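Here are the chains, one letter per residue:
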Amino acid sequence: MHKEWFLIVLLSAAGCRNTEAKGSKQLTLAVFMSGVFTNQSEFGYEQVFLTCLDLTLELLNNDSRLLPGYFLNASIADPRCSGTDATRGLFEQIIQPPTKIMIVGADCSVSSAPIATLAPYWNLVQISPLSTSPQLEDNVTYPTFLRTVASDSNIVMGITSLMLHFGWSRMAVLVQQEAIFTTVLSRLRGTLETLKLKPALEFTFATGENTKNIVHSLSQSSGRIVFVNTYSTHAAEILCQSYHLGLTPRNGYLWIYFAWYPSGWWVLPRGYSPLSCSAAEIQDMLQYSIYINYQPYVPTSELYLATDIQGLTRAQFDQMFQERLTKIHATGTSLQDQVPYIVDAIWAAGLGLNATLGQDIALENFTYDSDNTSALIYQNTKNLRFRGMTGIVSFDANGGRTGMVRCFQYRSNGMGGISEGHLIGVVPSSGSVLFENELSDIFPYGVPIDKEEVYISHALFVVYTAISSLGILFAVGILIFNLVFAKTRVVKLSSPYLNVMIIVGAILFYIDVILFGVDGGVTSSAIASSLCMARIWVASLAFTLVFGTVFVKTWRIYYIFSNARKQRKTYKKLIKDGFLFALLGCVLLVDVIFLIIVTAVPSARLEISNQEQPQSVCLCTATLSTHIPGVYK
């Protein structure tokens, strides 16, 4: 038997010293972890995993409340993230004594699936700390499978909740052709259909295939809300390629990733891809992107809560773990993000066995034919509820981890890098998103829309801006002429100071032409949205100044000529420009009060929203206002 396939771990010396105190009856777990014995020492897999296993079993064996009279060992196999190797490893575990009482693992779903298919034939209960494939939710195919990590299908709930909240009707999905991802896609299709949302734009590729073609296809499509349904290495490649095509959050794209990607996944090994991105480019691409987590997230405030694992807090366990890594001069940090889930899986196995022992079952007599004992172990483990290193651990009807969907964002750490774990909202069982921050903080470039924006042609905008500018210059010239020759008889008879109001109104009209041409192609979506109200203010005041002044001047003429001829001179003296300015001011005051109300009341305020038409139309809309259209594709 080769070392890379099989190893019996008898714990550390500290654990062994307690064997006599607890008893000499040995129980052995079959533990599957990829990369432990496959020459990946540069990543530190072996050091990190064996230290985690050793420390967790030591804590479990030293707990006098658990498995009294028994001592728990582990037999390790390396399935190498392969279904074939996992199957061979399982057979070797079964053939090689001692008898295994439970299986912990595997990490990769592709390895867990064949183990979970075969384990019931030997009455072995399996509990995986890291396998997230929705395929493993099938209780018929995998009747003895449990996991302390949630299924990836729960990400669908987070995505569709965001879509409903923001009114998105379609999205794009980049899919790697592996069972773990195609199953998620299948769930997403069904959910979108149930919610009567548009089918997703799907871009699929085979494992190992260059993703350049699908990223280019995405750039040519109308997809703006993009779910990356791939392994992290391909996601990193897609991220860099997308940056070079301008598919960034700054340009209106929203990228959604899995939460189980390893820390720093976006940094590809040198030479992995012909494309490369600088730290600043990666930051521009990742910042404000979202990843969705279904795990019972442990906030910083809960790191110091005592768990049911020897009463240790998460912070205390982390300190013990790091001290052991330091003692053995561990060189790698890979797998450390997954350590808490591995700890909880091993502890759940111990608690499940302990609960079965309490039902007068002699665990040392377990054989691969012990149907009743296996059923009790499965049921007792499935009924567990305890506070572990990843929060409250309990299982749903399908043997998956219960929890709440949480949405996180990648953010700049202020030092040219990216930080993780910025919670922006949660999705309770009701399905409605509860945001922790203002939307302006979550989407500083404006809330993304699910359509390609078709902006006003830059050439057309320049032409109209030039014409409007000429109009403004002409109006200013007339204004100067009007003021310079104000005392000239002909100009004086036309009420030059009232003429100033008409000219100012005309200038505002010309300015409004320019404002209506400013859209997302010229400035950010947030500024374009704020211009919705600015356009209404300028247009309304311009109209009032121009036609209000014409009205009061016309009214004065009417008032004079509608009276008796003998009274004309008297009335003409009474109706001065000051009186007409007062009338105009009253009309302007009513206008301003109305505009203030419209601006202050959220239900009346104009903002950009998207309406479904044969073409997608972006409108400045409000409950109490009219539509100000702008066309989007």
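Residues numbered from 1 in each chain as written. Predicted model: local features only at pLDDT ≥ 70, side-chain atom pairs only at ≥ 80, totals over all residues. Heavy atoms only, no water.

1. So, a nonpolar patch on the surface
No. 1: A cluster of nonpolar side chains, Ile456, Leu460, Val463, Tyr464, Ile467 and Val513, forms an exposed patch at the surface whose accessible area comes to about 520 Å².
No. 2: Looking at which element gives the most residues to the nonpolar patch, the answer is helix α15 (residues 458-484), with four residues.
No. 3: Mapped onto the secondary structure, leucine 460 falls in helix α15.
No. 4: The class of leucine 460 is partly exposed, set by a relative accessible area of 44%. (Patch = residues over 30% accessible without salt bridge, like charges linked within 9 Å, V, L, I, M, F, W, Y side chains within 5 Å. Areas by Shrake-Rupley, 256 points an atom, 1.4 Å probe, with all protein chains shown as cover. Salt bridge = Lys/Arg side-chain N within 4 Å of Asp/Glu carboxyl O. Helix = DSSP H or I, 4+ residues; strand = E, 2+ residues; numbered from the N terminus. Buried < 20%, exposed > 50% of the residue type's maximum accessible area, 1.4 Å probe, protein only.)

2. Details of the packing of aromatic side chains
No. 1: Under the definition given, this model contains 26 aromatic pairs.
No. 2: Pairing tyrosine 291 with phenylalanine 408 gives two aromatic rings, centres 5.3 Å apart and planes at 10 degrees, and the pair type is stacked. Pair noted here: tyrosine 291 is in strand β11 (residues 290-293) and phenylalanine 408 is in strand β14 (residues 405-412), with a separation of 117 residues, a long-range link. Summarising the burial analysis for this pair, tyrosine 291 and phenylalanine 408 share the class buried.
No. 3: Note on phenylalanine 481 and phenylalanine 485: the rings are 4.8 Å apart at their centroids and 45 degrees apart in plane angle, and the pair reads as tilted.
No. 4: A relative accessible area of 44% means that phenylalanine 481 is categorised as partly exposed. (Phe/Tyr/Trp six-rings, centres within 6.5 Å; stacked < 30°, edge-to-face > 60°.)

3. Section: the packing of helix α12 (residues 339-357) against helix α13 (residues 371-382)
No. 1: Where α12 meets α13, the closest approach of the two axes is 8 Å, and the angle between their N-to-C directions is 120 degrees. By the angle class used here, α12 and α13 are oblique. Seen from above, α12 lies across α13 with right-handed handedness. On α13, the residues that touch Ala348, Gly352, Leu353, Ala355 and Thr356 of α12 are Leu376, Ile377, Asn380 and Thr381.
No. 2: The class makeup of the residues in the contact of α12 with α13 is five nonpolar, four polar and no charged. (Axes fitted to C-alpha atoms, helices over the stretch in contact; angles between N-to-C directions. Parallel < 35°, antiparallel > 145°, perpendicular 65-115°, else oblique. Left-handed = near helix turned anticlockwise from the far one by under 90°. Contact = heavy atoms within 4.5 Å. Nonpolar A, V, L, I, M, F, W, Y, C, P; charged D, E, K, R; others polar.)

4. A look at helix α4 (residues 83-95)
No. 1: Counted at 1.5 Å a residue, the expected span for α4 with its 13 residues is 18 Å, and the 19 Å between its end C-alpha atoms agrees.
No. 2: The complete set of buried residues in α4 reads Asp85, Ala86, Gly89, Leu90, Glu92, Gln93 and Ile94.
No. 3: Tucked inside the fold, the buried residues of α4 contact β2 (25-32), β3 (70-77), β4 (100-104) and α5 (109-118).
No. 4: Among the residues of α4, the N-terminal cap falls to serine 82, whose side-chain oxygen and the backbone nitrogen of threonine 84 are separated by 3.3 Å. (Expected span 1.5 Å × (residues − 1). Polar contact = N/O pair within 3.5 Å; in protein donor to acceptor, adjacent residues only side chain to side chain.)

5. Quick word on the nonpolar core
No. 1: In this structure, Leu29, Ile101, Met102, Ile127, Phe317, Leu353 and Leu363 are the most contacted members of the largest nonpolar core, which totals 65 residues.
No. 2: Sort the elements by how many residues they give to this core and α12 lands first, with 12 residues.
No. 3: Beyond its immediate stretch of four places on either side in the chain, phenylalanine 317 contacts Leu55, Thr56, Leu59, Leu312, Val339, Val343 and Met389.
No. 4: Listed in part, the 63 residues of the second largest apolar core include Tyr253, Phe258, Met285 and Leu286. (Core = buried A, V, L, I, M, F, W, Y, C linked by side-chain atoms within 4.5 Å.)

6. Thoughts on the sheet that holds strand β9 (residues 225-229)
No. 1: Strand order in the open sheet formed by eight strands is β8-β7-β9-β10-β11-β14-β15-β16, and the pairing between neighbours is mixed. Two strands in the sheet have a free side with no partner beyond their single neighbour: β8 (201-205) and β16 (434-435).
No. 2: Of the pairings in the sheet, the one linking strand β7 (residues 172-176) to β8 comprises five bridges and is parallel in character. Of the residues in β8, the one forming a bridge with valine 175 is threonine 204.
No. 3: Helix α6 (residues 154-166) contacts β9, β10 (254-258), β11, β14, β15 (418-427) and β16 of the sheet and is inclined by roughly 130 degrees relative to β11.
No. 4: Where helix α8 (residues 212-220) meets the sheet, its contacts fall on β7, β8, β9 and β10, and the angle it forms with β8 comes to roughly 165 degrees. (Pairing = 2+ DSSP bridges.)

7. Quick word on the pattern of salt bridges
No. 1: Per the stated rule, a full pass over the model turns up 11 salt bridges.
No. 2: The residue arginine 88 makes a salt bridge to aspartate 85 at a minimum N-O spacing of 3.2 Å. Here aspartate 85 and arginine 88 lie together in helix α4, a separation of three residues that amounts to about one turn.
No. 3: On the basis of relative accessibility, which here comes to 42%, the residue arginine 88 falls in the partly exposed class.

8. Let's talk about the pairing of β2
No. 1: In terms of residue burial, β2 counts as a mostly covered element, since six of its eight residues are buried.
No. 2: By the bridge criterion, eight bridges tie β2 to β3 in an arrangement that is parallel. For phenylalanine 32, the partnering residue across the bridge sits in β3 and is alanine 77.
No. 3: Pairing between β2 and β4: four bridges, direction parallel. Note that in β4 the partner of alanine 30 across the bridge is isoleucine 103.

9. Considering the environment of aspartate 519
No. 1: With respect to the helices, strands and loops of the structure, aspartate 519 is situated in the loop between α17 (496-517) and α18 (525-561).
No. 2: On the accessibility criterion, aspartate 519 (11% relative accessible area) is buried.
No. 3: Sequence spacing of aspartate 519 and leucine 531 is 12 residues, and the spatial spacing of their C-alpha atoms is 8.6 Å.

10. Some details on the state of the cysteines
No. 1: Under the criterion given, the structure shown has two disulfides.
No. 2: The residue that forms a disulfide with cysteine 81 is cysteine 108, at a sulfur-sulfur distance of 1.6 Å. In this pair, cysteine 81 sits in the loop between β3 and α4 while cysteine 108 sits in the loop between β4 and α5, placing the two residues 27 residues apart along the sequence.
No. 3: Overall, the relative accessible area of 16% leaves cysteine 108 in the buried class.
No. 4: Between the sulfur atoms of cysteine 240 and its disulfide mate cysteine 277 the distance is 2.1 Å. Disulfide cysteine 240 to cysteine 277: torsion about the S-S bond roughly 110 degrees, handedness right-handed. (Disulfide = S-S within 2.5 Å.)

11. Observations regarding the pairing of β14
Each regular strand displays side chains that alternate between the two surfaces of the sheet.
No. 1: With seven of its eight residues buried, β14 lies for the most part within the structure.
No. 2: Of the strand pairs in this sheet, β11 and β14 are connected by four bridges, and their pairing is antiparallel. If you follow isoleucine 292 over to β14, its bridge partner there is cysteine 407.
No. 3: Relative to β15, β14 is paired through seven bridges, and the arrangement is antiparallel. Its bridge partner being in β15, phenylalanine 408 is matched across the sheet by leucine 423.
No. 4: Linking β14 back to β15 in an antiparallel pair, the connection comprises five residues, with glycine 414 at a positive phi of about 80 degrees.

12. Brief notes about the packing of α6 against helix α7 (residues 179-194)
No. 1: Look at α6 against α7: their axes get within 10 Å of each other, and the N-to-C directions meet at 35 degrees. Judged by the sense of rotation from one axis to the other, the crossing of α6 with α7 is right-handed. Note on element contacts: α7 touches α6 through Val184, Arg187, Leu188, Thr191 and Leu192, opposite Ile155, Val156, Thr160 and Met163.
No. 2: The class makeup of the residues in the contact of α6 with α7 is six nonpolar, two polar and one charged.

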